[in-house]
Amino acid sequence: MKRLPIIGLMAAVIVFAIDQLIKFVVTGPLGLSSLAGPTIDVLPIFRLRFVANIGVSLGLLNASSDAGRWGLVALTGVIATGVLVWMWRERNRQDQFALGLVLGGALGNILDRIRLGYVVDYADLHFGEWSPFLVFNLADSAITIGVLVLLVRAILVRDKPVPTVSVENGNA
């Protein structure tokens, strides 16, 4: 019987829940719910500010119409389903965890797009006037970290093969 990928499922649920909680706090109690709204400087290089992201990473696949919005929901839903199937079949716990990060982040952003028509982004890492990243959220970070872990493990880490026992002439 196949064991459930508990570590991956737990990671997905935790990322999803924390992502949605932070988005609620940022847009609700902190009042950062409009583009013209205030910003909150958390650190000299990090501030919170609201961005309604209607596209995907780096402004690709801009979904400014209802058809584009639902197309992105469908596309990311198919990808999330693929990640879930992969996680279910994966035996390595580190890969299950990484896939859980990706799945939880994807589900958080999908829910935003379904409920609001856009993804709530709020994290702005900057160095003076230079911002090396677009404004992002916890879900984006979880997806990025999960993908990086999978890539590093695929490129640098080779799982040792399981030794096999051969039976020759009645000896094991």
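Refer to the structure presented above.
S.K.: An account of the sheet that holds strand 3 (residues 119-125) is needed here, citing residue identities and associated values.
M.R.: Taken together, the three strands give an open sheet; going across it, the order is 1-2-3, and neighbouring strands pair in antiparallel fashion. At either end of the open sheet lies a strand with only one pairing partner, and these are strand 1 (40-43) and strand 3. Averaged over all neighbouring strand pairs, the angle between strand axes comes to 40 degrees, with direction disregarded. Summarising the sheet, strand 1 and strand 2 (residues 46-53) pair through three bridges and their orientation is antiparallel.

S.K.: Please provide a residue-by-residue account of the packing of aromatic side chains, values included.
M.R.: Across all of its chains, the model carries two aromatic pairs by this definition. Centre to centre, the rings of Phe-50 and Tyr-118 are 6.1 Å apart; their planes meet at 85 degrees, and the pair counts as edge-to-face. Taken together, the residues span a long stretch of sequence, with Phe-50 in strand 2 and Tyr-118 in the loop between helix 3 (93-116) and strand 3 at a distance of 68 residues. For Tyr-118, a relative accessible area of 23% translates into the label partly exposed. A ring pair is formed by Phe-127 and Trp-130, whose centres lie 5.9 Å apart and whose planes are at 35 degrees; its orientation type is tilted. In this structure Trp-130 comes out as exposed when scored by relative accessible area, which is 56%.

Cut-off values and rules
- Residues numbered from 1 in each chain as written.
- Predicted model: local features only at pLDDT ≥ 70, side-chain atom pairs only at ≥ 80, totals over all residues.
- Heavy atoms only, no water.
- Pairing = 2+ DSSP bridges.
- Helix = DSSP H or I, 4+ residues; strand = E, 2+ residues; numbered from the N terminus.
- Axes fitted to C-alpha atoms, helices over the stretch in contact; angles between N-to-C directions.
- Phe/Tyr/Trp six-rings, centres within 6.5 Å; stacked < 30°, edge-to-face > 60°.
- Buried < 20%, exposed > 50% of the residue type's maximum accessible area, 1.4 Å probe, protein only.

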